[in-house]
Amino acid sequence: MRQAGRYLPEYREIRQNVSSFLDLCYTPDLAAEVTVQPVRRFHPDAAILFSDILVVPDALGQSVKFSEGVGPQLEPVRSVDDLASLSAENTNIHLAPVFETVRQVKAQLPEDVALIGFAGAPWTVSTYMIEGGTSRDFAQTKAWARRDPEGFDRLLALLIAATSDYLIGQIEAGADALQLFDTWASAVPSDQFDRCVIAPTKAIIDNVRAAKPDTKFIGFPRGIGPAVAHYAANTGVNGVGIDSALAPVYAAKTLQPAYAVQGNLDPMALLVGGEPMLKSAAAIIEALSGGPFIFNLGHGVVPQTPPEHVEALADFIRSGDR
Ligand code: CP3
């Protein structure tokens, strides 16, 4: 999630002094600093690398920009012809600054704080590449996947190759575990789910483990409801990040103890804070404490969130056995 996001004044201060968001991702000193900032304040058990899922299309050769108030903007790829300008050959050269960030973060973090590396899952990244940014209906992506399955599979293959290399690079640089964000998995029609979500995720996990056998993966297939069980059983993940719509009791029953569960406080509970937030957190802890469990939000911290609410939540979680 975007823990190092805009709700922290020390993040905004650094962000203000770089010309673009991608520059921040590719400047190891600064990216390492914003990765560590929330660890200093809240003392979590793990940090998440500061980067973005869209550095992979950038490394493939697509034009990617982040504009204030607009979000990501990409030069859309919509046909096999458009793929000709993309290459997965040397993406790790382009992404080398991110690996340097991982090394710097590992050197700065206390020994008992893990570093989670990450990438976007191919389906979710493909939606940004094809729609040209965030989408409401994913019409272009869904239409291409049906109209031209071979061409669309070529795009997925490029993403599988580049993402596997990227994640292997993060492990080599010192990341302790990896998370795959499939933020828009909920948009995939059920007859396409295995092809668009399960198979590419499994391919990446297999590729990474072929190079780095014991790598631990957390999958975040947002919004897929009870299909989380199918996802966990068929991708090779060790843990599943659940969004706020999934009942923690259901996740405990269907996923634990075979898989760790990560989740799933509603970011709006964190925004509002106070007793209601702590009550919601306590209910999640109670439901999931019987098995392997990582407390987290169900999605990213919203920019208006007071940092004091995060501090109160972290203190509450650490305050112990309840
Ligand atoms: O917590 C962290 O800071 C870790 C780094 C991280 C970022 N993005 C930094 C970021 C992570 C793990 C992500 C993942 C990411 N990026 C996802 C998957 C998770 C999710 O939120 O569903 C997605 C879909 C993206 C793509 C993306 N990046 C979008 C749509 C946006 C724009 C958001 C907006 O509201 O404008 C971003 C920008 C982004 N990535 C920011 C940060 C801190 C904010 C941009 C800024 O500070 O200027």
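As a starting point, this report considers the structure included with it. Nothing here was measured: the structure is a model prediction, and the numbers come from that model.

Conventions we followed
- Residues numbered from 1 in each chain as written.
- Predicted model: local features only at pLDDT ≥ 70, side-chain atom pairs only at ≥ 80, totals over all residues.
- Heavy atoms only, no water.
- Helix = DSSP H or I, 4+ residues; strand = E, 2+ residues; numbered from the N terminus.
- Buried < 20%, exposed > 50% of the residue type's maximum accessible area, 1.4 Å probe, protein only.
- Lys, Arg positive; Asp, Glu negative; His and termini not counted.
- Salt bridge = Lys/Arg side-chain N within 4 Å of Asp/Glu carboxyl O.
- Contact = heavy atoms within 4.5 Å.
- Phe/Tyr/Trp six-rings, centres within 6.5 Å; stacked < 30°, edge-to-face > 60°.
- Pairing = 2+ DSSP bridges.
- Axes fitted to C-alpha atoms, helices over the stretch in contact; angles between N-to-C directions.
- Core = buried A, V, L, I, M, F, W, Y, C linked by side-chain atoms within 4.5 Å.
- Expected span 1.5 Å × (residues − 1).

What follows concerns the side chain of Arg15. The residue Arg15 is located in helix α1 (residues 9-16) in this model. For Arg15, which is buried and forms no salt bridge, the nearest opposite charge comes from Glu68, at a distance of 4.1 Å. Those residues in contact with Arg15 that lie beyond four places of it in its chain are Ser20, Phe21, Leu24 and Glu68.

Quick look at the packing of aromatic side chains now. Taken as a whole, this structure holds ten aromatic pairs when the rule is applied. Relative to Trp184, the ring of Phe138 has its centre 5.3 Å away and its plane inclined at 45°; by these criteria the two rings are tilted. Here Phe138, found in the loop between α8 (122-131) and α9 (139-147), pairs with Trp184, found in the loop between β5 (177-182) and α11 (193-211); they are 46 residues apart in sequence, far enough to count as distant. A relative accessible area of 6% places Phe138 in the buried class. Through a chain of ring-to-ring contacts, three or more aromatic side chains come together here, namely Tyr11, Phe21, Phe50 and Phe66.

Spatially, seven strands are ordered β1-β4-β5-β6-β7-β8-β9 in an open sheet, and the strand pairing comes out parallel. Each having just a single partner strand, β1 (46-48) and β9 (293-297) make up the two edges of the open sheet. Geometrically, the sheet is characterised by an average inter-axis angle of 25° between neighbouring strands, direction not taken into account. Alignment of β1 against strand β4 (residues 114-120), held across three bridges, turns out to be parallel. Each bridged residue has a counterpart across the sheet, and for Ala46 the counterpart in β4 is Ala114. Seen against the sheet, α11 touches β5 and β6 (217-221) and runs at an angle of roughly 160° to β5.

Cis peptide bonds are those with omega within 30 degrees of zero, and the linkage from Gln256 to Pro257 qualifies with 0°. By the secondary structure assignment, Pro257 is in the loop between α13 (248-254) and β8 (260-265). That bond from Gly263 to Asn264 is cis: its omega, -25°, falls within 30 degrees of zero. Positionally, Asn264 belongs in strand β8. At His43, a residue that is not glycine, the phi angle is positive and equals roughly 50°. Examined against the element boundaries, His43 turns out to sit in the loop between α3 (28-42) and β1. Of note in the backbone geometry, Phe138 takes a positive phi value of approximately 55° without being a glycine.

What follows covers the nonpolar core. What tends to happen in soluble globular proteins is that the nonpolar side chains get buried as a cluster. Of all hydrophobic cores here, the largest spans 111 residues; its most connected members are Phe50, Leu60, Met129 and Leu255. The greatest single-element share of this core, amounting to twelve residues, is contributed by helix α10 (residues 149-173). Those residues in contact with Leu255 that sit more than four places away from it in its chain are Val228, Ala229, Ala232, Val240, Ile242 and Val261.

For the rest of this paragraph, the subject is α10. The first and last C-alpha atoms of α10 sit 36 Å apart over 25 residues, in line with the 36 Å expected at 1.5 Å per residue. At the C-terminal side of α10, Gly174 shows a positive phi close to 125°.

What follows concerns the pattern of salt bridges. Summed over all chains, the structure comprises nine salt bridges. With its nearest N and O atoms 3.3 Å apart, the salt bridge here joins Arg195 to Asp153. With Arg195 in helix α11 and Asp153 in helix α10, this pair connects stretches of sequence that are 42 residues apart. In this structure Arg195 comes out as partly exposed when scored by relative accessible area, which is 23%. Taking relative accessible area as the criterion, Asp153 reaches 34% and is therefore assigned partly exposed.

Distances and angles like these do not, on their own, reveal function.
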